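Each chain is listed here by its residues.
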Amino acid sequence: MNTVLDDNKKLCLNSGEIIAMSPPMNMIFEVMDLAVASPATVSRCGMVYMEPHQLGVTPFLTSWLNTLPPHYPASLKERLVALFDAYAMPVLRFVRKEVREACPTPDGNIAVSFMRLWASLAAPLMGTPELQRQTEPAKMQEAADALFMFALVFSAGSTAATAESRQHIQTFMRELVACKLEEYVSPSGSSYHNADAPFVEISASALPPPVASALTAVPKDDSSMNDWMYDTNTLSWRKWIDLVDMAPIPEDASFRSIIVPTADSVAITFMLKAAVENRYPLLLVGPTGTGKTAYTASYLASLDPERYAPPNTIGFSAQTSANMAQSLIDAKLDKRRKVRASPCSSGAVHVNEL
């Protein structure tokens, strides 16, 4: 990488190809340490050292708010900050202290996942000033609150490795929204208090039924918060199971292409669509045999070929090395070579590969 970090900014690949970077381009490395960095590499880099626990998630929130479209009102951004402090931060602390994750994540990762999900879901509702003017301010705020809770459930609330842990997170969220943390007993026996974070009142109509019931006298719904989604078209909460396509399977469909739709498949496809359309990366994590690859391949195959390039699927395992990964990628790409014609004494032309 030293040739990239030099003034000439040229990346020399193992295949012999040289890729020159343009003047505005820069490279940023995020590493755990510099244990294997050579003095030449260190001398070419400007170092910024920051402990993750000292950095926190506030810089992520501040920078994200600056990337929102300019027609988003300032009052909406202020409310997002207040909601994040009142709900997201306590839930994040609870996850770190009480929950074993399926895939270890830093605080910044969960925060960014929440922000990207909220932005993806809010874009169809208020993506342009025209759309925003067509919606009443009260309805807009209610939808923003509902999307906040939905994004929080499927970011910080879905990182647990077991269904039992996810239930603990949802119970904590219900008690947090109901301002009853003083009465809540966590799995570890630790105590939590609503006074630890500024409380922002959210109307019951803006929350999914399991959460809304904690604010009203309505009996608590036994369904999981993960069973609900917020529909920005109707500005209402709906269950994933209600969105399952009940169309019959074609008789000529091959066995390998048949995917029986379920509430989980609808939810995963919804998240895939939100990520792809907004150009966000997405990582599906779960036990073997739960359909992660099948759902992803099925969605990618359904994309519009006029807008998206055909997907290239590359499989990895615990035995996949870096060289194997490069070979898998190179095998799916066409190599381009420059040719040079050189005349010889006999009048023929020799073509040499460079």
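Keep in mind that this is a model prediction, so the values were computed, not measured.

## Quick notes on the packing of helix α4 (residues 58–67) against helix α5 (residues 74–98)
So, step 1. Following both chains from N to C, one finds α4 and α5 inclined at 160°, their axes separated by 11 Å at the closest point. By the angle between their axes, α4 is roughly antiparallel relative to α5. In this structure, α4 crosses over α5, and the sense of that crossing is right-handed. Contacts from Leu61, Trp64 and Leu65 in α4 reach Lys77, Leu80, Val81 and Phe84 in α5.
So, step 2. Its residues assigned to classes, the contact of α4 with α5 shows six nonpolar, no polar and one charged.

## Things to note about the environment of Glu175
So, step 1. Among the secondary structure elements, Glu175 is positioned in helix α9 (residues 163–177).
So, step 2. Looking at Glu175, the relative accessible area reads 16%, which means it is buried.
So, step 3. Each C-alpha atom of the pair Glu175 and Val211 lies 8.8 Å from the other, and the pair is 36 residues apart in sequence.

## Section: the nonpolar core
Generally speaking, soluble globular proteins have nonpolar side chains that are buried together.
So, step 1. Formed by 65 residues in total, the largest nonpolar core has its most connected members in Trp64, Phe84, Tyr87, Val91, Trp118, Phe148 and Leu152.
So, step 2. Listed by contribution, the elements that provide at least two residues to this core are α4, α5, α6 (107–126), α8 (137–153), α9, β3 (228–231) and α11 (263–277).

## A short note on a nonpolar patch on the surface
So, step 1. On the surface, a cluster of nonpolar side chains totalling about 630 Å² of accessible area is made up of Met1, Met27, Phe29, Val31, Leu34, Val42 and Met47.
So, step 2. Relative to the helices and strands, Met1 is located in the segment before α1 (2–5).

## Structural notes on the packing of aromatic side chains
So, step 1. Under the definition given, this model contains 15 aromatic pairs.
So, step 2. Where Phe150 meets Phe270, the ring centres are 6.3 Å apart and the plane angle is 75°; that geometry is what we call edge-to-face. Placement of Phe150 in helix α8 and of Phe270 in helix α11 is noted, with a sequence separation of 120 residues between them.
So, step 3. Phe150 gets classed as buried once you look at its relative accessible area, which sits at 1%.

## A few points about the pattern of salt bridges
So, step 1. Counting across every chain of the model gives five salt bridges.
So, step 2. Ionic pairing is found between Asp231 and Arg238, a salt bridge with its closest N-O pair at 3.2 Å.
So, step 3. Classification of Asp231 as buried rests on a relative accessible area of 10%.
So, step 4. In the salt-bridge network here, residues are joined through shared partners; they are Arg96, Glu101 and Asp107.

## Focus: α4
So, step 1. All of the buried residues along α4 are Leu61, Trp64 and Leu65. Down the axis of α4, the buried side of the element spans an arc of 100°, and every buried residue falls inside it. For α4, the exposed residues set more than 90 degrees away from the buried face come down to Asn66 and Thr67.
So, step 2. Residues of α4 that are buried sit in contact with α5 and α6.

Calculation criteria
Residues numbered from 1 in each chain as written. Predicted model: local features only at pLDDT ≥ 70, side-chain atom pairs only at ≥ 80, totals over all residues. Heavy atoms only, no water. Axes fitted to C-alpha atoms, helices over the stretch in contact; angles between N-to-C directions. Helix = DSSP H or I, 4+ residues; strand = E, 2+ residues; numbered from the N terminus. Parallel < 35°, antiparallel > 145°, perpendicular 65-115°, else oblique. Left-handed = near helix turned anticlockwise from the far one by under 90°. Contact = heavy atoms within 4.5 Å. Nonpolar A, V, L, I, M, F, W, Y, C, P; charged D, E, K, R; others polar. Buried < 20%, exposed > 50% of the residue type's maximum accessible area, 1.4 Å probe, protein only. Core = buried A, V, L, I, M, F, W, Y, C linked by side-chain atoms within 4.5 Å. Patch = residues over 30% accessible without salt bridge, like charges linked within 9 Å, V, L, I, M, F, W, Y side chains within 5 Å. Areas by Shrake-Rupley, 256 points an atom, 1.4 Å probe, with all protein chains shown as cover. Salt bridge = Lys/Arg side-chain N within 4 Å of Asp/Glu carboxyl O. Phe/Tyr/Trp six-rings, centres within 6.5 Å; stacked < 30°, edge-to-face > 60°. Arc of directions from axis to C-beta.

So far we have only geometry, and geometry alone does not tell us how the molecule works.
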